[in-house]
Amino acid sequence: MAPRYNLLLARLERFEDPGDLGKMASEFDDDGEQTVTINEYLQSIEEEELEADLVLGGDEGDQCTYSKGYMKRQAVFSCLTCTPDGNAGICTACCLSCHDGHEVLELWTKRSFRCDCGNSKFGDFSCKLFPNKDVENTENSYNHNFKGLYCTCNRPYPDPDLEEQVEMIQCCMCEDWFHEEHISLNSPNEIPRDEEGEPLYEDFICKACSAVCSFLTLYPKTILAAGVQPVAPVTNSKDKSVVEDIPLTDGGAEKLENDVSSDSSKKDNVVADANCESVSDGKKLVTGESSQKDDSSSLSTNIASSHANCILGVDSMDSSLVSESKPLFLSKNWRDTLCRCDKCLDMYKQKHISYLLDKEDSIAEYEKTAKQKREENLQQREGAAVNFFNNLGHIEKMEILNGIADITDEFRSFLGSVDPSKAVTADDINQIFENLKNKRRRV
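Residues numbered from 1 in each chain as written. Predicted model: local features only at pLDDT ≥ 70, side-chain atom pairs only at ≥ 80, totals over all residues. Heavy atoms only, no water.

**Q** For the packing of helix H9 (residues 394–417) against helix H10 (residues 426–442), give the residues involved together with the corresponding values.
**A** Contact geometry of H9 with H10 gives a least axis separation of 10 Å together with a crossing angle of 135°. Put simply, H9 runs oblique to H10. Considering how the two elements wind past one another, H9 and H10 form a crossing that is right-handed. Where H9 approaches H10, its residues Asp406, Ile407, Glu410, Phe411 and Phe414 are matched on the opposing element by Asp428, Ile432, Phe433, Asn435, Leu436 and Lys439. Partitioned by chemical class, the residues of the contact of H9 with H10 number 6 nonpolar, 1 polar and 4 charged. (Axes fitted to C-alpha atoms, helices over the stretch in contact; angles between N-to-C directions. Helix = DSSP H or I, 4+ residues; strand = E, 2+ residues; numbered from the N terminus. Parallel < 35°, antiparallel > 145°, perpendicular 65-115°, else oblique. Left-handed = near helix turned anticlockwise from the far one by under 90°. Contact = heavy atoms within 4.5 Å. Nonpolar A, V, L, I, M, F, W, Y, C, P; charged D, E, K, R; others polar.)

**Q** Now, about a nonpolar patch on the surface: what can you tell me, with residues and values included?
**A** Together, Phe388, Met398, Ile400, Leu401 and Ile404 give the surface a local cluster of nonpolar side chains, amounting to about 450 Å² of exposed area. No other element matches H9, which puts 4 residues into the nonpolar patch. The residue Ile404 is located in helix H9 in this model. (Patch = residues over 30% accessible without salt bridge, like charges linked within 9 Å, V, L, I, M, F, W, Y side chains within 5 Å. Areas by Shrake-Rupley, 256 points an atom, 1.4 Å probe, with all protein chains shown as cover. Salt bridge = Lys/Arg side-chain N within 4 Å of Asp/Glu carboxyl O.)

**Q** Residues and numbers for the packing of helix H3 (residues 38–56) against helix H8 (residues 363–390), please.
**A** Their axes nearest at 8 Å, the elements H3 and H8 cross at an angle of 120°. The angle between H3 and H8 places the two elements in the oblique class. In the packing of H3 onto H8, the handedness of the crossing is right-handed. Contacts between H3 and H8 involve Glu46, Glu49, Leu50, Asp53, Leu54, Val55 and Leu56 on the former and, on the latter, Tyr366, Glu367, Ala370, Lys371 and Arg374. Of the residues assigned to the contact of H3 with H8, the class counts are 6 nonpolar, no polar and 6 charged.

**Q** I'd like to hear about a negative patch on the surface, residue by residue, with values.
**A** Together, Glu167, Glu195, Glu196 and Glu198 make up a negatively charged patch on the protein surface. The topology assignment puts Glu196 in the loop between strand E6 (177–179) and strand E7 (203–205). By relative accessible area, which is 71% here, Glu196 ends up exposed. (Lys, Arg positive; Asp, Glu negative; His and termini not counted. Charge placed at Lys NZ, Arg CZ, Asp CG, Glu CD. Buried < 20%, exposed > 50% of the residue type's maximum accessible area, 1.4 Å probe, protein only.)

**Q** Which residues make up the pairing of strand E1 (residues 71–79), and what values do they have?
**A** Of all 9 residues in E1, 8 are buried, a share of seventy percent or more. Two strands pair when backbone bridges link them, and E1 and strand E2 (residues 104–113) are joined in this way by 7 bridges, in the antiparallel orientation. Residue pairing across strands places Arg73 opposite Arg111, the latter belonging to E2. (Pairing = 2+ DSSP bridges.)

What follows is the structure, given as structure tokens:
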């Protein structure tokens, strides 16, 4: 999946009047060769709208989100016209209402972000939807994505130097996006995918951020998505042994806890102090939404509920044990396996990664909620249309039905006269609507 620029805006602005059907035909008429069937085109529109709805999270783009505070996750945009330094972000509604016609970048989603539109970073520019904002949102985080740059190569997306754009993978911690060849793997084949190339992992953690959460290497390997390279060994000067991979079913969690506790005199923990960029900003282009089967569901059964005993049985803030930093591809429901003892909770807080324990922080959960809102909205719209029609008088109902009959007859007439070996052009579509207008004038 590779989200396109202006996709979200197109989702909200598509087909404002019937004449836009002419635009539909012109999209495939420019080179005189590319053609699609109506069903193919409608299917592509539906797929684009679904993709956009998943990013928007059910946001209709009619109200500024500033009043909601630092939202757990929302679609964020950067206006380079107003803030060329890339130090501000705006919500969907402000993108549409306040920055129409500006050079706007889609940043996909961000966690813990509050709309900046119209604050001190925008100079004299005022937000049309919510003008009374604080001077600055001090808890917002920004990175080079807000300038339209991504990955360790610091390149834009789309990259003007590339004829064919390549997919990128988003880190679930820093939320930056990375090219596959730049994530420090020996081969792209190490990325866990199914036979169709779809990701088999739920989340990806880049090499830099993996240093912050090197404690993950103490968990059984089942926390990693299938096909991932083995966990790097965790060593120190006293003991080079690591926690065994123990299936956490039928008492496995207790066995893991006991084994680790009995060995804790030889080692204290596994978390490397890391010089990783802020772990609450980022952006763009293909997350690892897992299509993986629920292989790791047993891993999360009851093992993260205790606040008294540490699952790992070690001091999680001791840096004497350091593992090699390497990118991680994590399995489905991996967050549910994280220890929630008091010491680990304090460690998450000190490292500013407590959001890893929040199920609503994950992209998978965000998109699940977005799908539910989409279905609810579609049902509401269908119901509203039926109610609207039922509340009309007899004359208005007849006018609507006659209009539907007219456009049906006009299309039938066109299809009966057109050469089936030739593609339908923008001029053909425009002529259909011109004929309908002329008919309405005669009536």
